[in-house]
Amino acid sequence: MKEKTDCLSDKLLIFGGKKLSGHLQVDVSKNAYLPILAATVLCDGEVFLDDYIPLTDFVCMREILAKLGVKSYETNGGLYLDARGGKNEKIGFEWTQKIRASIFLLGALLGKYKTACISYPGGCNIGSRPIDLHIKGLKSLGVKVLERHGMLYCDGSEMKCGKVCLDFPSVGATESLMMCASVLKGTTVLKNIAKEPEIVDLQNFLNAMGAKISGAGTDQIVIKGVPKLHGGQFSVMPDRIVAGTYLLAAATCGGDITLDRFVPEHNESLLSILKQSACKITLKNDMIRLKADKRLKCVENIQTFPFPFFPTDLQTPIMVLESVSKGHCKLQENIFENRFGAVPELVKMGAKIVVEGRCAYVEGVEKLYGADIFATDLRCGAGLVIAGLKAEGFTTLHNVHYIDRGYDKIEQKFQTLGADIRRI
Ligand code: UD1
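Cut-offs applied
Residues numbered from 1 in each chain as written. Predicted model: local features only at pLDDT ≥ 70, side-chain atom pairs only at ≥ 80, totals over all residues. Heavy atoms only, no water. Helix = DSSP H or I, 4+ residues; strand = E, 2+ residues; numbered from the N terminus. Rg over C-alpha atoms; globule rule 2.2 N^0.38 Å. Buried < 20%, exposed > 50% of the residue type's maximum accessible area, 1.4 Å probe, protein only. Contact = heavy atoms within 4.5 Å. Areas by Shrake-Rupley, 256 points an atom, 1.4 Å probe, with all protein chains shown as cover. Lys, Arg positive; Asp, Glu negative; His and termini not counted. Charge placed at Lys NZ, Arg CZ, Asp CG, Glu CD. Core = buried A, V, L, I, M, F, W, Y, C linked by side-chain atoms within 4.5 Å. Near = heavy atom within 4 Å. Polar contact = N/O pair within 3.5 Å; in protein donor to acceptor, adjacent residues only side chain to side chain. Nonpolar A, V, L, I, M, F, W, Y, C, P; charged D, E, K, R; others polar. Pairing = 2+ DSSP bridges. Axes fitted to C-alpha atoms, helices over the stretch in contact; angles between N-to-C directions. Salt bridge = Lys/Arg side-chain N within 4 Å of Asp/Glu carboxyl O. 1 Å grid on protein atoms, 1.4 Å probe; cavity = no way out; pocket = protein on both sides within 12 Å on 5 of 7 lines; lining within 4 Å. Points joined across faces, edges and corners; volume = space filled by probe spheres on them.

Novice: Is there a simple way to think about the overall build of the chain in this case?
Specialist: Looking only at helices and strands, the chain has 14 helices and 23 strands in total. For the chain, whose C-alpha radius of gyration is 21 Å, the value lies close to the compact-globule estimate of 22 Å for 424 residues. For the C-alpha atoms alone, the extent of the chain along its principal axes is close to 60 × 45 × 40 Å. Looking at the chain as a whole, 59% of its 424 residues are labelled buried. The contacts of the chain with a sequence gap of at least 6 include a subset with a gap of at least 24, amounting to 72%. Accessible area for the chain stands at about 16400 Å²; split by element, carbon and sulfur atoms hold 52% of it. Computed over 53 positive and 47 negative side-chain charges, the separation of the two mean positions in the chain equals 3 Å.

Rendered as structure tokens:
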């Protein structure tokens, strides 16, 4: 992914060592919102999404939608979208390199126009991230795909409903196929698909717009195609990764925080680890309170896997917690091949971590020390903010534009919790 030139507003200055306390509301989920934005292409009517936050990924997706004739504007804290008058346009590399989630548009455009032309998305800092599963799934439905000069020319004029079994439960491939099949005549069955809560949210959105989809959250989805989708209103789910980030920050720094709009079923694997670490957790309705008043215990073995297991997107934030807890932890990354970008930065801060292949071996230390550090991707950035908040002295974190893709004004959220952090 292209690096943004460093500039003043792209740095956070953190004076670490303070406990966190206070109350936050969890924002809307980036990973649920992005496919829903793409799916509005299919809607023949106005769509209103109750919440909107100006994440750079949302801004970018709205720019692509505008190119496709989908109007959108913010109002009353939410977002109006109108795809009537939409048009089918080529989506070039200048877009797919900025936002990988643009690949979701492949399924939506094929559903709506039976043809789509989109650039192959580039790799990114966490791995090569191929789209072979998306393509194989669409081919099973009869889409003809031609790859030329980095572009995918997809012809769905002979697309038919049918059965698709994914080789791996890819979140993006599942979502793309759901969008496409929602308006495909007949019944399509998707097997071995991702079970993430964001898939359930996409199903709920599509059904609210007239689709007939069932099974999301299990490993099989049944889609009865409808001729078209209409408009409507929808409330996107809260962000389980953002919630997890704040909980892990409080666990790492110590303190007492409460989050509203928390869904325990979305974060069971994290809650189990936090309890094993000796955090005090109280759940009430959609509220969670986390108290950590002493140095926590390492959990010896943590592995990332597809939902409902521990999410890869919280791998760096939990690595930071383990790096200052008592004991040892073996942290294994099973989803992305290159997701240990934070390790050299944490080592600079005094952490003891050794990486061997897909495993990071962490020996907990008592203290981290502030340093000049660099985020290499979104979740790496979030983890490094936590490290800065914990560390003794000043930390300057560079490449904050990665964090702005998925966290709305992260520094203000942590200021609310009493942290000494500002953008410079
Ligand atoms: C989504 C999330 C991302 C999260 C990831 C895994 C969004 C916008 N992003 O990404 O935050 O980290 O799920 O929970 O929702 N793969 C292939 N071929 C494909 C597709 C995927 O080999 O065609 C591989 C990927 O390289 C990766 C694994 O499958 O190793 C999981 O990818 P996938 O579930 O598709 O993740 P994304 O949808 O890209």
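Here the narrative resumes.
Novice: Looking at this structure, how should I read the side chain of S102?
Specialist: Relative to the helices and strands, S102 is located in the loop between α3 (93-96) and α4 (104-113). Classification of S102 as buried rests on a relative accessible area of 0%. Setting aside anything within four residues of it in sequence, one finds S102 in contact with M61, I64, W95, T96 and I118.

Novice: I'm lost on the side chain of D10 in this one. Help?
Specialist: Along the chain, the position of D10 falls in the segment before β1 (11-15). With relative accessibility at 2%, the residue D10 sits in the buried group.

Novice: Help me out: how do you make sense of the nonpolar core in this one?
Specialist: Soluble globular proteins: nonpolar side chains tend toward being buried together. By size, the foremost hydrophobic cluster in this structure holds 77 residues, and its most contacted members are L49, L105, F205 and L206. Of all the elements, helix α1 (residues 30-39) adds the most residues to this core, at 7 residues. Residues within four places of F205 in sequence aside, it is in contact with I36, A39, T40, C43, V47, L49 and F234. Core analysis: the second largest hydrophobic core is formed by 73 residues, L274, I302, C329 and L397 among them.

Novice: Any chance you could explain the site of the ligand here in plain terms?
Specialist: In the vicinity of the ligand there are 18 residues, among which D132, L133, S170, D313 and I335 approach most closely. The contact in question runs from an oxygen atom of the ligand to an N or O atom on the backbone of L133, over 2.7 Å. Out of a free accessible area of 730 Å², the ligand has 85% covered by protein chains. Counting residues per element, the ones that place at least two in the shell around the ligand are α5 (132-140) and α6 (171-181). Take the shell around the ligand: its biggest share by element is 3 residues, from α5. Grouping the constituent residues of the shell around the ligand by class yields 8 nonpolar, 5 polar and 5 charged.

Novice: Got a minute to help me understand the sheet that holds strand β22 (residues 394-398) in this structure?
Specialist: Judged by pairing direction, the sheet is mixed, and its 4 strands sit side by side in the order β21-β22-β1-β23 without closing on themselves. Two strands close off the open sheet at either side, each with one partner strand: β21 (372-374) and β23 (420-423). For this sheet the average axis-to-axis angle between neighbouring strands, irrespective of direction, equals 20 degrees. Examined bridge by bridge, β21 and β22 share 3 bridges and lie parallel to one another. In the sheet register, I373 faces β22, and the bridge partner there is L397.

Novice: Would you mind going over the pattern of salt bridges with me for this structure?
Specialist: Two side chains that carry opposite charge are able to pair once their charged atoms sit near each other. Considering all chains together, one arrives at 20 salt bridges under this definition. The salt bridge partner of D44 is K228, with a shortest N-O separation of 2.8 Å. With D44 in the loop between α1 and β3 (46-49) and K228 in the loop between β12 (220-224) and β13 (232-234), the pair connects residues that are 184 residues apart, well separated along the chain. A salt bridge links E345 to K348; its shortest N-O distance comes to 3.0 Å. Here the residue E345 and the residue K348 both occupy positions in helix α11 (residues 343-348), the gap between them amounting to 3 residues, near one helical turn. The exposure class of K348 is partly exposed, given its relative accessible area of 46%. Put simply, K30, D57 and R405 are held in one network by salt bridges that share partners.

Novice: Just to check I follow, could you spell out empty space enclosed by the protein for this structure?
Specialist: One way to see where empty space is left: roll a probe the size of a water molecule over the atoms. A complete count under the given rule lists 1 cavity of 30 Å³ or more for this structure. The volume enclosed by the largest cavity comes to roughly 40 Å³. What lines the largest cavity is V26, P238, D239, R240, A243, R261, F262, V263, H266 and N267. Across the lining of the largest cavity, the residue classes break down as 5 nonpolar, 2 polar and 3 charged.

Keep in mind these numbers describe shape, not what the thing actually does.
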